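One-letter residues, chain by chain:
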Amino acid sequence: MKKLMTALMLTLTALSSSQPIPAQACAGGGSGGYINQNAEFVVPPQFASTTDFSEGLAAVKVGEKWGYIDPRGKLVILPQFDMALSFADELAAVQINEKWSYIDKSGEIAVVPPQPDHSILFTFSFSQGLVAVKIDDKYGYMDKNGQVVIPPQFDVARKFTQGFAAVEIDTKWGYIDKTGKLVVPPQFDNAKSFNQGLAAVEIEEKWGYIDKMGNVIISPHFNQATRFTEGLAAVKIEEKWGYIDETGNVVISPQFDDAKEFAEGLALVRVEAKLGYIDKSGELAIPFQFARAGNFSQGLAAVHFNRAWVYIDKTGKVALQPPVAAANLGIFSQGLARVWVNPKSGSRC
């Protein structure tokens, strides 16, 4: 036991030093690290699990516990949590012994939910100063002081965006403001979050869009609908996906088997089994050639091409290859991207 404790203390001392974390041997199903846009490992592969960087920190799993690193690879919050989520709104949800709380960036517990061992909605974190919590089978909202400021009364509750949150009451969806007032009465079969002043809502199995006053701006006649980004939204008409503008006009005709939101001027679309990218005019910017691919972020997108994961630029050229063969790649966030190395597939650390 003494040897074990000594080894643990040495490990934690090394991990919490001001130097980047040294590489450790890969084991099991692989390990995760982070590269920069020069394809250099800033943080070598060594973690049992990783998240993208958010608000300057990333959650990483060391052994059986979670902690947080900064972009240099310094472990600034030691591994001590059974589960840890990304920072949002300056706070991160963590779990110890089946009890949830929120920590600040110093690692100190900043917010304790009213029932930390009860069922809490953690599909999202704090947003605009509030987070949904579930108490006695109903959802309400808690502020950063740990006070339930909107009493539990909703069957389901989504996060706040642009000052409003979608909530479900007796199978119908409406919207509340940050005081808890119902600003759009429950009347929809489903409802998504606001973005760019509009929210997608479902009425009798068809999707349309409303404004913050609850006015129907785009009539419900789509089979599916995504949120607006960069002035366009992907919608499904019959069996194909296309794009509309904020007036509801179809600006890119339905022709795709799947379509994602626009990011940095390009959208990922699928025809049959292949993925490619289109621009806002609907022109094919990067040909259909990928089996797996992600959205663009910081000018790069991760794609699986010729049996390898690489990053391409907006012309479709390979712009960055990881320094080792990767089993998976994440999006770039704050100049760094997650890289997963799997020794079982022939990769090396």
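On a predicted model such as this, the values are computed, not experimentally measured, just so you know.

How each quantity is defined
- Residues numbered from 1 in each chain as written.
- Predicted model: local features only at pLDDT ≥ 70, side-chain atom pairs only at ≥ 80, totals over all residues.
- Heavy atoms only, no water.
- Helix = DSSP H or I, 4+ residues; strand = E, 2+ residues; numbered from the N terminus.
- Buried < 20%, exposed > 50% of the residue type's maximum accessible area, 1.4 Å probe, protein only.
- Contact = heavy atoms within 4.5 Å.
- Areas by Shrake-Rupley, 256 points an atom, 1.4 Å probe, with all protein chains shown as cover.
- Pairing = 2+ DSSP bridges.
- Phe/Tyr/Trp six-rings, centres within 6.5 Å; stacked < 30°, edge-to-face > 60°.
- Core = buried A, V, L, I, M, F, W, Y, C linked by side-chain atoms within 4.5 Å.
- Salt bridge = Lys/Arg side-chain N within 4 Å of Asp/Glu carboxyl O.
- pLDDT = per-residue confidence, 0-100.
- Polar contact = N/O pair within 3.5 Å; in protein donor to acceptor, adjacent residues only side chain to side chain.

(A) How the structure looks around the overall build of the protein. In terms of regular secondary structure, the protein is built from one helix and 35 strands. Looking at the protein as a whole, 45% of its 349 residues are labelled buried. In the protein, once contacts between residues fewer than 6 apart in sequence are set aside, the share between residues at least 24 apart is 33%. Carbon and sulfur atoms make up 51% of the accessible area of the protein, which totals about 16,500 Å².

(B) Examining the sheet that holds strand E30 (residues 292-293) more closely. The sheet built from four strands is open, its strands ordered E30-E31-E32-E33 with antiparallel pairing. Two strands bound the open sheet, and with one partner strand each, they are E30 and strand E33 (318-320).

(C) Summary view of the pairing of strand E13 (residues 148-154). The sheet contact formed by strand E12 (residues 138-142) and E13 spans three bridges and is antiparallel. Across the sheet, the residue bridging to tyrosine 141 is isoleucine 150, located in E13. The hairpin turn running from E12 into E13, its antiparallel successor, is five residues long, and glycine 146 in that turn takes a positive phi close to 80°.

(D) Inspection of the packing of aromatic side chains at higher detail. Summed over the entire model, instances satisfying the criterion amount to 14 aromatic pairs. With a centroid separation of 4.9 Å and 65° between ring planes, the pair formed by tyrosine 141 and phenylalanine 160 is classed as edge-to-face. In this pair, tyrosine 141 sits in strand E12 while phenylalanine 160 sits in the loop between strand E14 (156-157) and strand E15 (165-169), placing the two residues 19 residues apart along the sequence. Given the relative accessible area of 1%, tyrosine 141 is considered buried. Taking relative accessible area as the criterion, phenylalanine 160 reaches 1% and is therefore assigned buried. Taken together, a centroid distance of 5.0 Å and an interplanar angle of 65° make the contact between tyrosine 243 and phenylalanine 262 edge-to-face. With a gap of 19 residues between them, tyrosine 243 in strand E24 (residues 240-244) and phenylalanine 262 in strand E26 (residues 258-263) connect regions that are remote in the sequence.

(E) The sheet that holds strand E25 (residues 250-256), seen in detail. Read from one edge of the open sheet, four strands run E22-E23-E24-E25, paired in antiparallel fashion. Lying at the two open borders of the sheet, with one neighbouring strand each, are strand E22 (224-225) and E25.

(F) Fine view of the nonpolar core. One finds Ile35, Tyr311, Leu320, Leu329, Phe332 and Val339 to be the most contacted residues of the largest nonpolar core, which totals 14 residues. Broken down by secondary-structure element, the contributors of at least two residues to this core are strand E32 (308-312) and strand E35 (337-341). Among the elements that take part in this core, E35 stands out by supplying three residues, more than any other. Discounting residues that sit within four places of it in the chain, leucine 329 has contacts with Ala302, Trp309, Val310, Tyr311, Pro322, Arg338 and Val339.

(G) View of the pairing of strand E19 (residues 199-203). Along E19, four of the five residues are buried, which leaves the element largely enclosed by surrounding structure. Judged from the two bridges that link them, strand E18 (residues 190-191) and E19 form a sheet pairing that is antiparallel. By the bridge assignment, asparagine 190 is partnered in E19 with glutamate 202. Two elements, E19 and strand E20 (residues 206-210), share five bridges in a ladder whose sense is antiparallel. By the bridge assignment, isoleucine 203 is partnered in E20 with lysine 206. As consecutive antiparallel partners, E19 and E20 are separated by two residues, and within that stretch glutamate 204 has a phi angle of approximately 50°, a positive value.

(H) Examining the pattern of salt bridges more closely. Under the defined criterion, the tally for this structure stands at 13 salt bridges. When the shortest N-O distance is used, the salt bridge between aspartate 155 and lysine 138 registers 2.4 Å. With aspartate 155 in the loop between E13 and E14 and lysine 138 in strand E12, this pair connects stretches of sequence that are 17 residues apart. Salt bridges sharing common partners tie together Glu55, Glu90 and Lys105.

(I) Structural context of the confidence of the model for the protein. Per-residue confidence for the protein gives a mean pLDDT of 89; residues scoring 70 or more make up 87%. Within the model, pLDDT remains below 50 along residues 1-28, and this stretch shows 32 contacts once partners closer than five positions in the same chain are excluded.

(J) Fine view of the environment of glutamate 108. Examined against the element boundaries, glutamate 108 turns out to sit in the loop between strand E9 (99-103) and strand E10 (109-111). The exposure class of glutamate 108 is exposed, given its relative accessible area of 52%. Through-space distance from the C-alpha of glutamate 108 to that of isoleucine 77 is 9.1 Å; in sequence the pair is 31 residues apart. Those residues in contact with glutamate 108 that sit more than four places away from it in its chain are Tyr102 and Ile103.

(K) Just the environment of tyrosine 311, in detail. Inspection of the secondary structure puts tyrosine 311 in strand E32. By relative accessible area, tyrosine 311 is classed as buried at 1%. Taking the C-alpha atoms as reference, tyrosine 311 lies 8.6 Å from leucine 329; in sequence the two are 18 residues apart. Separated by 2.5 Å, the side chain of tyrosine 311 and the backbone oxygen of glycine 330 make a polar contact.

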